[in-house]
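Listed below, chain by chain, are the residues.
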Amino acid sequence: MIGPPVLSIISRWMRSLGGKFILLALGVMSITMGIIGVLNYQAQSNYGLQLLKTKGESLGHFMAAVSAAPILAYDYVTLSDYVRDVSQEKDVVYIVITSPEGTHLASFINKKSNFSRKVSGKFRANALSGAIADIEKSPRVLNTKMDIVFNKKVIGRVLVGMDRKQAEVAAKLALIRQLINNFILLSILAASIYFVFQFSTLRPLQKLMQGARRIAHGNLDENVVIESNDEMGKLAHIFNLMMHSLKLSINDKDVALVEIKELNHTLENRVIERTRTLETLNQELRHLALHDPLTGLPNRVLIQDRLEHSVLDAKRRNDTFAVFMIDLDRFKEVNDTLGHNVGDQLLLQVSQRLLDVLRDIDTVGRLGGDEFAIIVNDVNVDASVIVASKISQAFDLPFTLEHLNLNTSASIGIAIFPEHGESPQDLLKSADVAMYYAKQHKEEFCIYHQSKDIHSEQRLSLSSELREAINTEQLKLYYQPKIDLQRQRMIGVEALVRWQHPEKGIINPDDFIPLAEQTGLIKPLTYWVLERALADLQRWRSNGIELSVAVNLSTQNLQDSQLLNHLESLIKQYKTPSNQLVLEVTETALMQNMDTSIETLRKLKDLGVFLSIDDFGVGYSSFSYLQRLPIDDIKIDKSFVIDMENDIDGAVIVESIISLAHHLGLQVVAEGVENSTAMQQLLRWGCDMAQGYHICRPLPEHELMQFIHQLGTQLNFPIMMASTVAGQAG
Ligand code: C2E
Ligand code: CA
Ligand code: CA
């Protein structure tokens, strides 16, 4: 038995090119030689038969010749002898001599032939004639008939039966011999063809295959060597060329990959650097937002935040703490007579002395101007008095400012949690009332007491006056132009409210908006402003003046559930194109109740109005949360813009805000543009819009119309001419 490995080798070989070729050649040759063999066999067997026939006829002639005499002499014994002798000849099956009528005169069957078995011994004569009649019919026997003639008269017949078998056997033997010869010849031929094929085709093919395998394994250095000029040689040459160009292109790709990697690396580094710069800027902005730029002390926002912490902490521990409000006496005088610089130095030295007399864990902050606030945890009324006298002592020695010795004192107001207020706002207010009282009564310090809170009474009466003012048209809207810096034309106005008080004259919004916010009057006030602004806008449009109008919203407006409906009906009533209405919201307002505020902003945005973040830079100034708001632009707070020329830090902040906002796809408005240098600088930094006294002060409506008239129908505002126009307008 042939084992499976051998079988698999054979089947693999048969599937190979060489195997297929050899099998094909063998097939063709075998068929050819087979056909030749069959033809040869036929010729051979025909020839054998012909010989047999001739032999039968010769024997017949011979028997006819020798039989005439015994027949005439009726000597059947001699006749039988002749027949017997001749019938012993090779290939003879039988010989019969008959009378002309067919009667058997003598007959014999060759005992060596296979047919002799057909005759049984007992009735030999009869049996013979019957058997011969059978034998005559056998296809194996070649029968010959010959007349026995004497004197031209037929006297009997000779029948000779020859056995075809010998001739056939001979032909078969010849065929087998030939087949064997053919096989040997075929094998030799196949072997020689295989060797020729192996050398001319298979071996080069294998070399090419090995070459391809090397390429697959990344080896591109070894050429395929086939030393011949035929197609195989050419194929190898082309193969080597192909390998060479592949190697070159792989090298190119590697170089490109390395370059891409390096580029990627540089890019990543840049991104990291950018992110870092952004982070530092954000941190700086946050610090700036929470600290006073002059003294570096916590500002009002941070103080409020610290107060909130202290409230929570004291509530939890059932403890008390004190808030001190400090106001310098005669600071305004110093500022006015000795100048801002000296004023600033004084503030710096005061803040340093305050820090020196207090513990590290206490918070000293500057609320603005000459107002400082201090939070001291874990103190009650008695302890707060000791702290207050320490603070007071800090002012005992004179301050040295530009070689001048200056004596100044401070008024200190004290509020204790929870007695004088349970919220940061209430505590600050109480401390403020106490400080005001101390100042009025020229006392060093004063602890809050309800009886001292006349302030709140004043406020009460002012708020009822304000309520009346809203209903009796004492409010006026002023409009301050806003220009598109890049296109150099006026594009809109900001509506700024004024209170025309019957006795006190014009009151600025900073003096009554906080009151309106605290007393809930901000809602009717804002509705009044919105309606007046949209009505004016409609009138301007009908006169062919296309402008946008910006209205300021307060914290409470963002919490007002009716604002949206109200605004929607106003927009309908005055047919306002909603994209001509801008709503300004401060960051601090948004922070108050962030989720509701953002929700309101979204709904306002859905109305199609423009949203702007006001006073940007003084609140939390987080660009990351800006990204979440549906806003269109930010207004850089005027405090950074006003003194950009002299204040390098402010300038840096303005430039960074512009670039960061643009990164977020937001437009930037700079307000507080007070001179041409600032405006040109803003233009260079790519700032989109500007507003400020240099362009125009807030004007009552009829004056605004005059200003617009000067600009012409296109509202052009060429920036080089800025000072002239502003001069005329301001
Ligand atoms: P704001 O929204 O930041 O408005 C800009 C303020 O800056 C205005 O003061 C304007 O007169 C002033 N301003 C404009 N250009 C310059 C400049 O070049 N230099 C300087 N130093 N100041 C400039 P105004 O009109 O006194 O308003 C003060 C604030 O009152 C406003 O600040 C706004 O927060 C609030 N306000 C005004 N009208 C309304 C109102 O209708 N509703 C609400 N909720 N708030 C209002
Ligand atoms: Ca504003
Ligand atoms: Ca502002």
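Residues numbered from 1 in each chain as written. Chains lettered and ligands numbered in written order. Predicted model: local features only at pLDDT ≥ 70, side-chain atom pairs only at ≥ 80, totals over all residues. Heavy atoms only, no water.

### Details of the overall build of the chain
Assigned secondary structure in the chain consists of 24 helices and 21 strands. Computed over its C-alpha atoms, the radius of gyration of the chain comes to 65 Å, more than 25% above the 27 Å expected for a compact globule of 730 residues. Burial analysis of the chain (730 residues in total) assigns 44% to the buried set. Sequence separation of 24 or more characterises 65% of the internal contacts of the chain that already satisfy a separation of 6 or more. Accessible surface computed for the chain: about 39900 Å², of which carbon and sulfur atoms make up 55%. (Helix = DSSP H or I, 4+ residues; strand = E, 2+ residues; numbered from the N terminus. Rg over C-alpha atoms; globule rule 2.2 N^0.38 Å. Buried < 20%, exposed > 50% of the residue type's maximum accessible area, 1.4 Å probe, protein only. Contact = heavy atoms within 4.5 Å. Areas by Shrake-Rupley, 256 points an atom, 1.4 Å probe, with all protein chains shown as cover.)

### Looking at the coordination of the calcium ion (ligand 3)
Donor atoms from the polypeptide that bind the calcium ion (ligand 3) are Asp614 (OD), Asp615 (OD), Glu671 (OE) and Glu671 (OE), placed at 1.8 to 3.0 Å. Sequence positions of the residues that donate to the calcium ion (ligand 3) give the spacing D-D-x55-E. The two metals, the calcium ion (ligand 3) and the calcium ion (ligand 2), are separated by 4.1 Å and share aspartate 614 as a common coordinating residue. Of this pair, aspartate 615 sits in strand 17 (residues 610–616) while glutamate 671 sits in strand 19 (residues 667–671), and the two are 56 residues apart along the sequence. Overall, glutamate 671 belongs to the buried group, its relative accessible area being 7%. (Donors = N, O, S within 2.8 Å, 3.2 Å for Na, K, Ca; no water.)

### Digging into the coordination of the calcium ion (ligand 2)
Within the protein, Glu494 (OE), Asn552 (OD1), Glu584 (OE) and Asp614 (OD) serve as the donor atoms for the calcium ion (ligand 2), at 2.1 to 2.2 Å. Donor residues for the calcium ion (ligand 2) sit on one chain with the sequence pattern E-x57-N-x31-E-x29-D. We classify glutamate 584 as buried; its relative accessible area is 1%.

### Considering the packing of helix 14 (residues 522–542) against helix 16 (residues 563–573)
Closest axis-to-axis distance for the helix 14/helix 16 pair is 10 Å, and the angle between their directions is 20°. Relative to helix 16, helix 14 is oriented roughly parallel. Relative to helix 16, helix 14 is oriented so that their crossing is right-handed. Between helix 14 and helix 16, the residues in contact are Tyr527, Leu530, Glu531, Leu534 and Gln538 and Leu563, His566, Leu567, Leu570, Ile571 and Gln573, respectively. (Axes fitted to C-alpha atoms, helices over the stretch in contact; angles between N-to-C directions. Parallel < 35°, antiparallel > 145°, perpendicular 65-115°, else oblique. Left-handed = near helix turned anticlockwise from the far one by under 90°.)

### Here's the deal with the site of ligand 1
By nearness alone, 23 residues border ligand 1, and Gln480, Arg498, Asp614, Glu674 and Tyr693 come closest of all. At 3.0 Å from a nitrogen atom of ligand 1 is found a side-chain nitrogen or oxygen belonging to glutamine 480. In the model, an oxygen atom of ligand 1 is placed 3.2 Å from a nitrogen or oxygen of the aspartate 615 side chain. In the complex, 89% of the free accessible area of ligand 1, which totals 790 Å², lies under the protein chains. (Near = heavy atom within 4 Å. Polar contact = N/O pair within 3.5 Å; in protein donor to acceptor, adjacent residues only side chain to side chain.)

### Digging into the environment of isoleucine 184
Structurally, isoleucine 184 is set in helix 5 (residues 165–216). Put simply, isoleucine 184 and asparagine 646 are 462 residues apart on the chain and 114 Å apart in space, counted from C-alpha to C-alpha.

### Looking at the sheet that holds strand 6 (residues 363–368)
Pairing in this open sheet of 5 strands is mixed, and the strands run 6-7-5-10-11 from one edge to the other. Each edge of the sheet is formed by a strand with only one pairing partner; in this case those strands are strand 6 and strand 11 (445–447). Direction aside, the axes of adjacent strands within the sheet are offset by 20° on average. Of the strand pairs in this sheet, strand 6 and strand 7 (residues 371–377) are connected by 5 bridges, and their pairing is antiparallel. Paired with glycine 368 across the strands is glutamate 371, a residue of strand 7. On the sheet, helix 7 (residues 300–317) packs against strand 5 (321–328), strand 6, strand 7 and strand 10 (410–417) and is oriented at approximately 20° with respect to strand 7. (Pairing = 2+ DSSP bridges.)

### Description of the domain arrangement of the chain
On domain assignment, one finds that the chain holds domain 1 (37–170), domain 2 (291–452) and domain 3 (458–729). Domain 2 and domain 3 are separated by 33 Å when their C-alpha centres are compared. (Domains from an automatic or database assignment.)

### Here we look at unusual backbone geometry
Peptide bonds are, in most cases, trans, and in most cases residues other than glycine have a negative phi. At the junction of phenylalanine 417 and proline 418, the peptide bond is cis and its omega measures out at 0° in the coordinates. Checked against the element boundaries, proline 418 lands in the loop between strand 10 and helix 11 (424–440). Residue lysine 152 is not a glycine yet carries a positive backbone phi of 60°. Here lysine 152 lies in the loop between strand 3 (141–150) and strand 4 (153–163). By relative accessible area, lysine 152 is classed as exposed at 83%.

### Focus: the sheet that holds strand 2 (residues 104–109)
Sheet architecture is open: 4 strands sit in the order 2-1-4-3, paired in antiparallel fashion. The sheet terminates laterally at strand 2 and strand 3, the two strands that pair on one side only. Going across the sheet, the axis of each strand differs from the next one's by a mean of 15°, ignoring polarity. In the packing of helix 3 (residues 76–87) onto the sheet, contacts are made with strand 1 (92–98) and strand 2, and the angle to strand 2 comes to roughly 25°.

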